[in-house]
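# Understanding the architecture of this molecule
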Amino acid sequence: MKTNFFNLSTRFAMLAGFILLSILFVDVTSTIAQRKKKRRKEAPVEQSRIILTHEDGTSRYRILVPSSPTEHELKAAHVLQDYLLQISGTALPIIKADKANSPYEIVLGQNERLDELDIGINLNDLKKDGFLIKTDSLRLVIAGGSEKGTLFGVYSFLEDYLGCRMYSPDVTVIPEIKKIAIDEIDDLQVPALDIRTTHYRITWDPEYIDWHKLSHDENGGRPDWGMWVHTFHTLVPPDIYFAEHPEYFSMVNGKRLPTQLCLTNPDVLKITVQNLRKKIAENPEAMYWSVSQNDNRNYCTCENCKAIDEREGSPSGSIIQFVNQVADQFPDRMISTLAYEYGRKAPKTLVPRDNVNIMLCSIEVYRDRSIEEDSTSADFMRDVIEWGKIAKDIIVWDYVIQFPNLISPFPNLQVIQPNLQFFVKNGVTAMFEQGNREVGGEFAALRAYLISKLMWNPDANVDTLMNDFLDGYYGQGGKFIRTYIDEMREALLESGAHLRIFGSPNEAADSYLTPDLIDRYEELFDQAELVVADSMEILERVRIARLPLDFAIMEQAKKIYTGDRGLFQKVDGRWEVRTEIRSKIDPFTDLCIREGVTRVKEWSTSPDEYRSSMYRLFAQGMNEHLAFKKPVTFISPDSTRLRPNAGKMLTDGIRGGHDYAYNWLAFSGQNLEVIIDLEEVTEVHRMESAYFQYGYWLRLFPEKVEYFVSEDGKDYDIVGSVQNTLPIDQYGGQQRDFIAEFEPRNARYIKVIAHTIGNTPDWHPGAGRPANILVDEIVVE
């Protein structure tokens, strides 16, 4: 440490003069520190405020922890000590309460020193995570609830009263304040929700978790939960029981399938309890244990289950009856179950036990307007209210991202606060806001920040929170990004369109992503980049915020395919990739990789895979092949049950990409069998057709594809048969071209048969349901 000799000598001279004028009232042998202390005590301007640290790096204060501090109280003391040192340059000592008493104390935790003070509350009222920040004469008190309350209080003190910020684990603000002076404080905070957790990877940072008062751990796990969700398969594994005991599982359309459990079978209850008991013994600290349906809709409709469900007006009837019986065996635990999809509606007469947690899921709700404002959410709103009347412990699993397009504009920020307020008003005690389980995503840091703040206090001023974040994170570019957010939201609301969590940029082409609006958004980001150009760090953040806009432009171009905003344009009679699109894909991918983005779709499509998919389209081009725009006749499936112009989709030259939502023709449960009329006899030597697979959503490759030729449309010869050799990838999207090359043949008519695998296999979550075929361009050369 360097000493400022000028300041020190000046103080000696001033002090000497003071001693002479005071007729040697002060003992000249007093230490310099004692003289400084006396001088400050005599300064009347500071008497109405607590001065924690002084400009010269000294302080009277110490951080006082209980005589036997908890782990979290001791951590809170060290956090406070560290940040005060970073802010002021002054190190405050940490001592225990059984040491000497002093009026200059920062009293932390459930401290015995509080017995001497009048803090005005019962510490039990703080529950686990609440806290009180209060000044009492010269003391500062930060007292917290039984778990992390004191630690949360310290972080709130640093943020609300000293100006510190953590916008993300890598972007923090720690001001320099040599003299820390605080006015009177009386700040009591008890969270509206007991459990607050979200899916954004940046929130897994240990300090971010504590700073923003979240309930999950550094791996995104939930320490209070032994099992989280979709656990029927775990508790009664079908690979162990289904072969010998199919009666343990769902009756679906007269057939037993290992999709869900038969909840009225007494042996199922017995096995569930036995296996749950083993799980609890392995993790005795966990309070919540999920006994909940698997993630599919094939629930049991046997006579016994059906009778309960009909009586209760919902399949939740058999679920609650079963889960109540499980809960009776574990009175010291919370048994959680889902109110999800088919089981979302509350039962008419059955009431969950006091130790049953209801996990309500909002997967069907639109995100353009709040639940209370959106008439299409009336059923869900009713369900929340009804469960709130009968259940004592409710967690809502909410969704705040567009799953098929994780890096895509998704203007739902305006509904997060009113929806949280609605949930809290109706008895919800815990929240899981499912954002992006992968790294990155549209406004990942902003979303994580707002969600964390609003789960703690749903009534916080969301505009203040957003502006503070945008200005702190994007610097001068923040005001342009705020305009971008506001104008996109206004465009969505003015359009009257709905915002779906399974939507896409192409779905928004008539609402908040019209051509004119995209041009406007480009201008705003150009301005944002310009004003932060002198800071490469902030410029990179602005460009990351721009990634969703670039993604939307590329995705719309893939659907439009040709023309001014498509992938291809004709130049001198030849189709070429538009320069504007080719110039976007590599910077987009490279920036995603630098940012650590892992997926552009839920469960599938890494940035490099997205680039490969785009280059696949570039290579395929706009191919005016022999079958281009030639008429197609469907033998199977029935063309009247397909989308309009289905036949034209197979020969229009437009190729499907990584998103199965457009440029792919989909149908269920049947072979594809089509005939293409080339309109004249032509020499043919090659055929191909493309297919898309996404196993989880029952979109599966055909078993094989056969190609035939004919000159007269009556007698057909097979010229190629291509077997599928790729396995079903349950959670990944795949594209495959089934290609047949053969000796040249004269043909006018082309027949293509793609053979479906039939129903999905028994191991699949949608077991027994018809597989979908997604087919793209049929190319003839």
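Described below are features of the structure shown in this document.

## Thoughts on the overall build of the protein
Per the secondary structure count, the protein includes 20 helices and 28 strands. Along the first, second and third principal axes, the C-alpha atoms of the protein reach 125 × 70 × 40 Å. Across the 781 residues in the protein, those meeting the buried criterion constitute 56%. Intrachain contacts of the protein at a sequence separation of at least 6 include 72% that bridge at least 24 residues. Here the protein displays about 33900 Å² of accessible surface, and carbon together with sulfur accounts for 48% of that area. Averaged over its 87 positive side-chain charges, the protein has a centre that lies 3 Å from the centre of its 116 negative ones.

## What to know about the side chain of aspartate 374
Checked against the element boundaries, aspartate 374 lands in the loop between β17 (356-361) and α11 (378-390). In this structure aspartate 374 is buried but unpaired, with arginine 369 as the nearest side chain of opposite charge at 6.4 Å. A distance of 2.7 Å separates polar atoms of two side chains, one belonging to aspartate 374 and the other to threonine 376. Ignoring any residue separated from it by four or fewer positions in sequence, one finds aspartate 374 in contact with Tyr366, Arg369 and His498.

## Section: the pairing of strand β10 (residues 186-189)
The side-chain alternation of β10 yields one buried face, formed by Asp187 and Gln189, and one unburied face, formed by Asp186 and Leu188. Pairing geometry for strand β5 (residues 131-136) and β10, over 4 bridges, is antiparallel. Its bridge partner lying in β10, phenylalanine 131 is registered against glutamine 189.

## Re the sheet that holds β17
What the 7 strands build is an open sheet, ordered β11-β19-β18-β17-β16-β15-β12; its pairing is parallel. Two strands in the sheet have a free side with no partner beyond their single neighbour: β11 (195-200) and β12 (225-227). Each adjacent strand pair in this sheet contributes to an overall mean axis angle of 20°, direction not counted. Pairing geometry for strand β15 (residues 288-290) and strand β16 (residues 334-339), over 3 bridges, is parallel. From the neighbouring strand, tyrosine 288 faces β16, where its bridge partner is methionine 334. Packing against the sheet, helix α13 (residues 444-456) makes contact with β11 and β19 (430-436), and its axis sits at approximately 175° to β11.

## Structural notes on the packing of helix α12 (residues 413-425) against α13
Contact geometry of α12 with α13 gives a least axis separation of 10 Å together with a crossing angle of 15°. The angle between α12 and α13 places the two elements in the roughly parallel class. The two elements α12 and α13 meet at a crossing, and its hand is right-handed. Taking contact as the criterion, the partners of Leu413, Ile416, Gln417 and Leu420 in α12 are, on α13, Leu446, Arg447, Leu450, Ile451, Leu454 and Met455.

## A closer look at the environment of proline 69
In this structure, proline 69 sits in the loop between β2 (62-65) and α3 (71-88). For the pair formed by proline 69 and lysine 96, sequence separation is 27 residues and the distance between their alpha carbons is 8.3 Å. Setting aside residues up to four positions removed in sequence, proline 69 forms contacts with Leu74 and Lys96.

## What to know about the side chain of aspartate 309
The topology assignment puts aspartate 309 in helix α9 (residues 303-312). Buried and without a salt bridge, aspartate 309 has arginine 311 as its closest oppositely charged side chain, separated by 8.0 Å. There is a polar contact of 2.8 Å between the side chain of aspartate 309 and the side chain of serine 318. When neighbours within four sequence positions are excluded, aspartate 309 is seen to be in contact with Tyr299, Cys300, Ser314, Pro315, Gly317 and Ser318.

## Some points on the sheet that holds β2
Across the sheet, which stays open at both edges, the 6 strands sit in the order β3-β2-β4-β6-β5-β10 with mixed pairing between neighbours. Edge positions in the sheet fall to β3 (94-96) and β10, since each has one partner strand and no second. Across the sheet, the axes of successive neighbouring strands diverge by a mean angle of 20°, strand direction being ignored.

## Here we look at α11
Given a rise of 1.5 Å per residue, 13 residues ought to cover 18 Å, and the 19 Å separating the end C-alpha atoms of α11 matches this to within 8%. Among the residues making up α11, those that are buried are Phe380, Asp383, Val384 and Trp387. For α11, the angular spread of the buried residues around the axis is 100°, confining them to a single face. Buried residues in α11 make contact with α10 (316-328), β16, β17, β18 (393-399) and α12.

## Looking at the nonpolar core
Counting residues in each nonpolar core, the largest one holds 175 residues, and the members touching the most others are Ile106, Phe157, Leu158 and Leu276. Beyond its immediate stretch of four places on either side in the chain, phenylalanine 157 contacts Leu52, Leu80, Ile133, Leu140, Ile142, Leu162, Ile182 and Ile185. Listed in part, the 33 residues of the second largest apolar core include Phe667, Tyr691, Val705 and Ala754.

## Here we look at unusual backbone geometry
Note that the residue after serine 636, namely proline 637, is joined by a cis bond; omega there is -5°. Along the polypeptide, proline 637 turns up in the loop between β22 (632-636) and α20 (646-649). For phenylalanine 443, which is not glycine, the phi dihedral falls at a positive 45°. You can see phenylalanine 443 is positioned in the loop between β19 and α13. With relative accessibility at 7%, the residue phenylalanine 443 sits in the buried group.

## Brief notes about α10
Over its 13 residues, α10 runs 18 Å from end to end, which matches the ideal 18 Å to within 8%, given 1.5 Å per residue. When you tally the buried positions in α10, you get 10 out of 13 residues, the bulk of the element. Those residues of α10 lying buried are Ser316, Gly317, Ser318, Ile319, Ile320, Phe322, Val323, Asn324, Val326 and Ala327. Structurally, α10 contributes buried residues whose contacts are with α8 (266-282), α9, β16, β17 and α11.

## A few points about the pattern of salt bridges
All told, the structure shown has 59 salt bridges when counted by the stated rule. The partner of arginine 611 in a salt bridge is aspartate 590, and the shortest N-O contact between them spans 3.2 Å. With arginine 611 in helix α19 (residues 607-620) and aspartate 590 in helix α18 (residues 579-595), this pair connects stretches of sequence that are 21 residues apart. What makes aspartate 590 partly exposed here is its relative accessible area of 33%. Across the salt bridge formed by aspartate 737 and arginine 616, the nearest N and O atoms sit 2.6 Å from each other. You can see aspartate 737 sitting in strand β27 (residues 733-755) and its partner arginine 616 sitting in helix α19, a full 121 residues away along the chain. Under the relative-accessibility criterion, aspartate 737 is labelled partly exposed at 24%. On the accessibility criterion, arginine 616 (18% relative accessible area) is buried. Salt bridges sharing common partners tie together Glu522, Asp526, Glu529, Arg543, Arg546, Asp550 and Lys584.

Scoring rules and cut-offs
Residues numbered from 1 in each chain as written. Predicted model: local features only at pLDDT ≥ 70, side-chain atom pairs only at ≥ 80, totals over all residues. Heavy atoms only, no water. Helix = DSSP H or I, 4+ residues; strand = E, 2+ residues; numbered from the N terminus. Buried < 20%, exposed > 50% of the residue type's maximum accessible area, 1.4 Å probe, protein only. Contact = heavy atoms within 4.5 Å. Areas by Shrake-Rupley, 256 points an atom, 1.4 Å probe, with all protein chains shown as cover. Lys, Arg positive; Asp, Glu negative; His and termini not counted. Charge placed at Lys NZ, Arg CZ, Asp CG, Glu CD. Salt bridge = Lys/Arg side-chain N within 4 Å of Asp/Glu carboxyl O. Polar contact = N/O pair within 3.5 Å; in protein donor to acceptor, adjacent residues only side chain to side chain. Pairing = 2+ DSSP bridges. Axes fitted to C-alpha atoms, helices over the stretch in contact; angles between N-to-C directions. Parallel < 35°, antiparallel > 145°, perpendicular 65-115°, else oblique. Left-handed = near helix turned anticlockwise from the far one by under 90°. Expected span 1.5 Å × (residues − 1). Arc of directions from axis to C-beta. Core = buried A, V, L, I, M, F, W, Y, C linked by side-chain atoms within 4.5 Å.

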